[in-house]
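So you can see what is in the structure, the chains are spelled out below.
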Amino acid sequence: MIIRMQALELKIPPPAVTVLIAGAMWGLSWVAPVLEVPALVRVAAAVTIALAGGGFSLAGVISFRRAGTTVNPMKPETTSSLVCSGIYAVTRNPMYLGLLFILIAWAVFLSSAWALLGPSAFVLYMNRFQIAPEERVLSAMFTTAYSAYKANVRRWL
């Protein structure tokens, strides 16, 4: 079982994971009871949350670009520097946090309590199959600097 689980590590790009989970959330919303929320409130809340998510992701990409390191989540071994400033002083994974916010916004838009399973599944998947392998690589590459960074900055928020 461990070998099979490791086979999933760093295999599906996080945006693709987001799209797959968003599709599952949409499917769940068709069979689950709908929460009665006025459309204007629901849409405004969803747009606000999605924009915040986009801001987190964009800030992460900008920080990586400024540092001259890769944004490719499938090859953490190609990282050229440890980015600890800007948005990375608040969260170790702003791009993934942004995708999480977008899934939460989607759940709000769908107005389905069951759709909230999607963001939870995203966090579980990302922690195990994306973030944990990345952290192993970064720990090996940046040793004590990365350990100090992990001790001071949370994985999500």
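This is a predicted model, so every value here is computed, not measured. (Residues numbered from 1 in each chain as written. Predicted model: local features only at pLDDT ≥ 70, side-chain atom pairs only at ≥ 80, totals over all residues. Heavy atoms only, no water.)

*Asks:* Even after reading the chapter, I still don't get the overall build of the protein, so can you show me in this structure?
*Replies:* A count of helices and strands for the protein gives 5 helices and 0 strands. Ordered by position from the N terminus, the helices and strands of the protein form the series α-α-α-α-α. Each principal axis of the C-alpha distribution contributes one length, and for the protein these read about 50 × 40 × 25 Å. Buried residues in the protein amount to 38% of all 157 residues. Pairs at least 24 residues apart make up 81% of the contacts formed inside the protein by residues separated by at least 6 positions. When the accessible surface of the protein is totalled, it reaches about 8,800 Å², and 72% of it is carbon and sulfur. (Helix = DSSP H or I, 4+ residues; strand = E, 2+ residues; numbered from the N terminus. Buried < 20%, exposed > 50% of the residue type's maximum accessible area, 1.4 Å probe, protein only. Contact = heavy atoms within 4.5 Å. Areas by Shrake-Rupley, 256 points an atom, 1.4 Å probe, with all protein chains shown as cover.)

*Asks:* What am I meant to see in the pattern of salt bridges here?
*Replies:* Two side chains carrying opposite charge are able to pair once their charged atoms lie near each other. Under the counting rule described, the total for this entry stands at 4 salt bridges. Of the charged contacts in the structure, one is a salt bridge between Glu9 and Arg128, with a shortest N-O distance of 2.5 Å. Linking Glu9 in the loop between α1 (2–7) and α2 (14–31) with Arg128 in helix α5 (residues 117–152), this pair joins segments that are 119 residues apart in sequence. Taking relative accessible area as the criterion, Glu9 reaches 10% and is therefore assigned buried. Salt-bridge contacts for Arg92 lead to Glu135; the nearest nitrogen and oxygen are separated by 2.6 Å. With Arg92 in the loop between α3 (39–67) and α4 (94–110) and Glu135 in helix α5, this pair connects stretches of sequence that are 43 residues apart. The pair formed by Arg92 and Glu135 is uniform in burial state, with each residue classed as buried. Through salt bridges with shared partners, a single ionic network connects Glu9, Arg128 and Arg136. (Salt bridge = Lys/Arg side-chain N within 4 Å of Asp/Glu carboxyl O.)

*Asks:* How should I be thinking about α5 in this particular structure?
*Replies:* Note that an α-helix has 3.6 residues per turn; residues three or four places apart therefore point the same way. An ideal rise of 1.5 Å per residue puts 52 Å on 36 residues; α5 reaches only 29 Å between its terminal C-alpha atoms. Taken as a whole, α5 carries its principal kink of about 125° at Phe142. (Expected span 1.5 Å × (residues − 1). Bend = angle between axes of the 7 residues up to and from the residue.)

*Asks:* Got a minute to help me understand the nonpolar core in this structure?
*Replies:* Side chains that are nonpolar tend, in soluble globular proteins, to be buried together. If you look at the biggest cluster of nonpolar residues, it comprises 30 residues, and the most contacted ones within it are Met25, Tyr88, Phe122, Met126 and Trp156. Mapped by element, the contributors of at least two residues to this core are α2, α3, α4 and α5. Setting aside its immediate chain neighbours within four residues, Tyr88 contacts Gly60, Ser63, Phe64, Val83, Pro94, Met95, Tyr149 and Val153. (Core = buried A, V, L, I, M, F, W, Y, C linked by side-chain atoms within 4.5 Å.)

*Asks:* What exactly am I supposed to notice about the environment of Arg155 here?
*Replies:* As for its position among the elements, Arg155 is in the segment after α5. Between the C-alpha atom of Arg155 and that of Asn127, which follows or precedes it by 28 residues, the distance is 9.0 Å. Those residues in contact with Arg155, other than ones at most four positions away along the chain, are Thr91, Arg92, Asn93, Asn127, Ile131 and Glu135.

*Asks:* Looking at this structure, how should I read the confidence of the model for the protein?
*Replies:* Note that predicted coordinates carrying low pLDDT should not be read in detail. For the protein, mean pLDDT is 95; residues scoring 70 or higher make up 97% of the total. Least confident of the elements in the protein is α1, whose mean pLDDT is 64; most confident is α4, at 98. (pLDDT = per-residue confidence, 0-100.)

*Asks:* Explain a nonpolar patch on the surface to me, please; I cannot follow it from the model alone.
*Replies:* Taken together, the side chains of Trp26, Leu28, Trp30, Val31, Trp114 and Leu117 define a hydrophobic patch exposed on the protein surface, amounting to about 710 Å² of accessible area. By residue number, the principal contributor to the nonpolar patch is α2, which donates 4 residues. One can find Trp26 in helix α2. We classify Trp26 as partly exposed; its relative accessible area is 44%. (Patch = residues over 30% accessible without salt bridge, like charges linked within 9 Å, V, L, I, M, F, W, Y side chains within 5 Å.)

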